[in-house]
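Observations on the three-dimensional arrangement
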Amino acid sequence: MTWIEERLTAYDHVCRVYDAYLERLGLFCKKGCDTCCTVNVTVTSLEAFRMAEYLQGQERTDLIAAVRSAVNGKRFHPGLTLNAIADICNQGKEPPEEVMDPSWGQCPLLKDQICSIYEVRPFSCRCMVSTSDCRNEGYARTDEFTVTVNNVMMQYIEHIDQTGFTGNMLDMILYMEEQNIRNTYSAGEQLPPPARGVANKPVSVLLASPRDRQHLSPILQRLNKQER
């Protein structure tokens, strides 16, 4: 396999392991749920590459135009990646707080309350899950262990893309829309930094308590099986 195929295969493996975990939760989430679909989604360059390739392949110039329009508004820009936050926490320090407001707007990739890129939606969207209707309660009902699983999965994805970057989904899609950027990335060559992205890091410690790590063991075994 090529460099990019290896990383996409590893990413897909993480998603399959996560989907298997979700099967036992009894989620309310279904097609047409869009309460959590905001402009504040963060993605890795690996996910942005796949989304940009999908949009180009589908010739969805309308969606690209919608993304370009949306970047004129406010949205969340991560200052740290999850693996960087895990390193800070491991040192006994508190990571800086970051502001994220859902009122900044809906995701421009929604069409009639449906995600237009559902097949290649990023993990940040995939893991926004709830066991109740967010529209009634005003928030997602997710147990603490699932939040831990979400964080660990995102740490793995960042590790897979450790030579890349993390940023707001809209910015990263436009960054990867450039053919020369996609060519550089797919060849495994070093990318020029995106304007508002942060460099990814490999996993050094998991964002999980000692108690949760015991429960995580079978999930981690399935995640690591791909690497062997």
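Values in this document were obtained by computation on a predicted structure and should not be read as measured data.

This next bit is on the nonpolar core. Tyr18, Met153, Met169, Met176 and Ile219 are the most contacted members of the largest nonpolar core, which totals 57 residues. Elements with a minimum of two residues in this core: α1 (3-22), α2 (45-57), α3 (61-70), α7 (144-160), α8 (169-177), α9 (179-186) and α10 (210-227). For this core, the leading source of residues is α1, giving 10 residues. Excluding anything up to four places from it in sequence, Met153 contacts Val14, Val17, Tyr18, Phe123, Ile219 and Leu223.

Moving on, we come to α1. Taking 1.5 Å of rise per residue, 20 residues should cover 28 Å, and α1 covers 29 Å from first to last C-alpha, within 8% of that figure. For α1, the full list of buried residues reads Ile4, Arg7, Leu8, Ala10, Tyr11, His13, Val14, Cys15, Val17, Tyr18, Tyr21 and Leu22.

What follows covers α7. Here α7 is 17 residues long and its end C-alpha atoms lie 25 Å apart, about the 24 Å a rise of 1.5 Å per residue gives. A side-chain oxygen of the first residue of α7 lies 3.1 Å from the backbone nitrogen of Phe145; this N-cap is Asp143.

Right, let's talk about the pattern of salt bridges for a bit. Following the criterion strictly, the structure yields 9 salt bridges and no others. Two residues, Arg60 and Asp62, come together in a salt bridge whose shortest N-O distance is 2.8 Å. With relative accessibility at 36%, the residue Asp62 sits in the partly exposed group. Notably, a salt bridge pairs Glu177 with Arg68, separated by 2.4 Å at the nearest N-O pair. On the criterion of sequence distance, the pair formed by Glu177 in helix α8 and Arg68 in helix α3 is long-range, its members being 109 residues apart. The class of Arg68 is partly exposed, set by a relative accessible area of 42%.

Reading guide: rules and limits
Residues numbered from 1 in each chain as written. Predicted model: local features only at pLDDT ≥ 70, side-chain atom pairs only at ≥ 80, totals over all residues. Heavy atoms only, no water. Core = buried A, V, L, I, M, F, W, Y, C linked by side-chain atoms within 4.5 Å. Buried < 20%, exposed > 50% of the residue type's maximum accessible area, 1.4 Å probe, protein only. Helix = DSSP H or I, 4+ residues; strand = E, 2+ residues; numbered from the N terminus. Contact = heavy atoms within 4.5 Å. Expected span 1.5 Å × (residues − 1). Polar contact = N/O pair within 3.5 Å; in protein donor to acceptor, adjacent residues only side chain to side chain. Salt bridge = Lys/Arg side-chain N within 4 Å of Asp/Glu carboxyl O.

Geometric descriptors of this kind do not, in isolation, establish any biological role.
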